[in-house]
Number of protein chains: 2
Amino acid sequence: MTGEVRQRMIDGAIALLATRGLEGTSFATVLARTGAPRGSVYHHFPGGKDELVAAAVERNLGRAIDLLDAAAGQSAVAVAEVFLSAWRALLTQTGFRAGCALVAVTVGTDSAAIRQQAADAFRTWRDHLAGLLEQGGLTRDAAQRHAALLLSASEGAVVISRALGDLGTFEAVATSLLDGIRRDLEASPG
Amino acid sequence: MTGEVRQRMIDGAIALLATRGLEGTSFATVLARTGAPRGSVYHHFPGGKDELVAAAVERNLGRAIDLLDAAAGQSAVAVAEVFLSAWRALLTQTGFRAGCALVAVTVGTDSAAIRQQAADAFRTWRDHLAGLLEQGGLTRDAAQRHAALLLSASEGAVVISRALGDLGTFEAVATSLLDGIRRDLEASPG
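Model, not experiment: these values are computed from the prediction.

### Examining the overall build of chain A
Phase 1 of the analysis: Per the secondary structure count, chain A includes 9 helices and 0 strands.
Phase 2 of the analysis: Starting at the N terminus, the α and β elements of chain A follow one another as α-α-α-α-α-α-α-α-α.
Phase 3 of the analysis: Computed over the C-alpha atoms, the radius of gyration of chain A is 18 Å, within 12% of the 16 Å expected from 2.2 N^0.38 for a compact globule of 190 residues.
Phase 4 of the analysis: Its C-alpha atoms give chain A principal-axis dimensions of about 60 × 30 × 30 Å.
Phase 5 of the analysis: Residue burial in chain A is summarised as follows: out of 190 residues, 46% are buried.

Set out below in structure tokens:
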């Protein structure tokens, strides 16, 4: 039962980070959103807000990896399409109100430990994406290059699309990214 | 004189947005950073923090446009290099502590008016970049595509590089972006 409340609070923190940033993610807003009892805060997160944010970063990464793994063994284009579709769904399903919790943490934190955790998450995510792109037919070098570009360009396009409230920039970017992968797949020795 | 204090406060707000996000940008932190007298706040910004943030967004856009215009009339590759160099300089000169003030505003605000202003700034910036890329030899279609990708990928790479504290991801992304522009320049009818 206590585990369930803790999970719920972490999920609530991810959603708040994604929509309202680090400033909008407090124990008060997490309790209001999740209906968790007030006493849960120091029971489940004795380390305070940083501990909750750290748990949110970890869980958010886990979800991102699981989502990518749905395309494991498929072509690099299919891997990129799964990755891009998840961003598109996040934007449209939230009316362009949500973005990436990791970006919100990086941009908003002044804790070196939390920033380091965000760094580890970005690195793991990028490397996992590169691994799947390589399995999907790209050379190792091209896979690493496209993983860095896919992750960076999606993160930026999501922020810009949130501001603009439409998918125009996101779709232009997605088309360029997929074209680049297709071109390198055709050029690749396999 | 009062104009000078106002400008100083706006510059201070831009620097604070870039390094500490919207949460870290308050009249208190702006006054502490700039040494402006306490009475300046409601004299220069009767509309409160939103008015200061709006002025910071406007000035930040003006600077970004001026910076791009240094490459006006040059090749699309030179335009992209000027754009990328500015980001690289921001990261390295601040020890990876600063990013884009517009991203901080978009990710942190819950004001529809401020978000709309960020949207207008992103749109003007992207379109200005596209205009210079087209002047620099790309077709209109390719220029618009590359402008959206350059802006998105740089914004994302800057966030990730801030977290990681090194230029690795940024440089990988920059190389891909410049290669893409070179390829389209060679293919372009001019």
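### Thoughts on the confidence of the model for chain A
Residue and element names in this part refer to chain A.
Phase 1 of the analysis: Within chain A, residue pLDDT values average 94, and 98% of them lie at 70 or more.
Phase 2 of the analysis: The weakest mean pLDDT in chain A belongs to helix H3 (residues 40-44) at 89; the strongest belongs to helix H5 (residues 76-93) at 98.
Phase 3 of the analysis: Reported confidences for the modelled complex are a pTM of 0.95 and an ipTM of 0.94.

### Considerations on the packing of helix H8 (residues 140-164) of chain A against helix H9 (residues 168-187) of chain A
All names here are of chain A.
Phase 1 of the analysis: The geometry of H8 relative to H9 is characterised by a closest axis approach of 8 Å and an angle of 170 degrees between their N-to-C directions. Comparing the axis directions of H8 and H9 gives the class roughly antiparallel. Contacts from Ala-142, His-146, Leu-149, Leu-150, Ala-153, Ala-157, Val-158, Ile-160, Ser-161 and Leu-164 in H8 reach Gly-168, Thr-169, Phe-170, Val-173, Leu-177, Gly-180, Ile-181 and Asp-184 in H9.
Phase 2 of the analysis: Tallied by class, the residues present in the contact of H8 with H9 amount to 12 nonpolar, 5 polar and 1 charged.

### Section: helix H8 (residues 140-164) of chain B
Residues spaced three or four apart along an α-helix point in a common direction, a consequence of the helix completing one turn every 3.6 residues.
Residue and element names in this part refer to chain B.
Phase 1 of the analysis: Taking 1.5 Å per residue as the helical rise, H8 with its 25 residues ought to reach 36 Å, and the 35 Å between its terminal C-alpha atoms agrees with that figure.
Phase 2 of the analysis: Across the 25 residues of H8, 22 count as buried, placing the element largely inside the fold.
Phase 3 of the analysis: Remark: Gly-165 follows H8 within two positions and exhibits a positive phi of approximately 70 degrees.

### Describing the relation of the copies chain B and chain A
Phase 1 of the analysis: Overlay of chain B on chain A (RMSD 0.0 Å): rotation 180 degrees, translation along the axis 0.0 Å. When the rotation and shift are considered jointly, the pair of chain copies conforms to a two-fold rotation axis.
Phase 2 of the analysis: With an isologous cut-off of 70% or more, the 100% of interface residues of chain B that recur at the interface of chain A puts this contact in the isologous class.

### Structural notes on the packing of H5(A) against H9(A)
Between two packed helices, both the angle of their axes relative to each other and the distance between the axes serve to describe the pair.
Residues and elements named next belong to chain A.
Phase 1 of the analysis: At a minimum axis separation of 10 Å, H5 and H9 run at an interaxial angle of 170 degrees. By the criterion of interaxial angle, the relationship of H5 to H9 is roughly antiparallel. Between H5 and H9, the contacting residues are Ala-76, Val-77, Ala-80, Leu-84, Arg-88 and Leu-91 on the first element and Phe-170, Ala-174, Leu-177, Leu-178, Ile-181, Arg-182 and Leu-185 on the second.
Phase 2 of the analysis: Considering only residue class, the contact of H5 with H9 consists of 11 nonpolar, no polar and 2 charged.

### Observations concerning the interface of chain B and chain A
Phase 1 of the analysis: Contact with chain B, which involves 38 residues of that partner, is made by 38 residues of chain A.
Phase 2 of the analysis: Only helix H6 (101-108), helix H7 (112-135), H8 and helix H9 (168-187) of chain B provide two or more residues apiece to the side of chain B that touches chain A.
Phase 3 of the analysis: Tallying contributions element by element places H8(B) first for the side of chain B that touches chain A, with 15 residues.

### Some thoughts on the environment of Glu23(B)
Phase 1 of the analysis: Relative to the helices and strands, Glu23(B) is located in the loop between helix H1 (2-20) and helix H2 (27-34).
Phase 2 of the analysis: Sequence-wise, Glu23(B) and Gln74(B) are 51 residues apart; in three dimensions their C-alpha atoms are separated by 39 Å.

### Here we look at the environment of Gly165(A)
Phase 1 of the analysis: With respect to the helices and strands, Gly165(A) occurs in the loop between H8 and H9.
Phase 2 of the analysis: When near neighbours in sequence (up to four residues on either side) are disregarded, Gly165(A) contacts Phe96(A) and Ala119(B).

Criteria and thresholds
Residues numbered from 1 in each chain as written. Chains lettered and ligands numbered in written order. Predicted model: local features only at pLDDT ≥ 70, side-chain atom pairs only at ≥ 80, totals over all residues. Helix = DSSP H or I, 4+ residues; strand = E, 2+ residues; numbered from the N terminus. Rg over C-alpha atoms; globule rule 2.2 N^0.38 Å. Buried ≥ 20, exposed ≤ 12 C-beta atoms within 10 Å, placed from the backbone. pLDDT = per-residue confidence, 0-100. Axes fitted to C-alpha atoms, helices over the stretch in contact; angles between N-to-C directions. Parallel < 35°, antiparallel > 145°, perpendicular 65-115°, else oblique. Contact = placed C-beta atoms within 7 Å. Nonpolar A, V, L, I, M, F, W, Y, C, P; charged D, E, K, R; others polar. Expected span 1.5 Å × (residues − 1). Least-squares fit on C-alpha atoms with pLDDT ≥ 70 in both.

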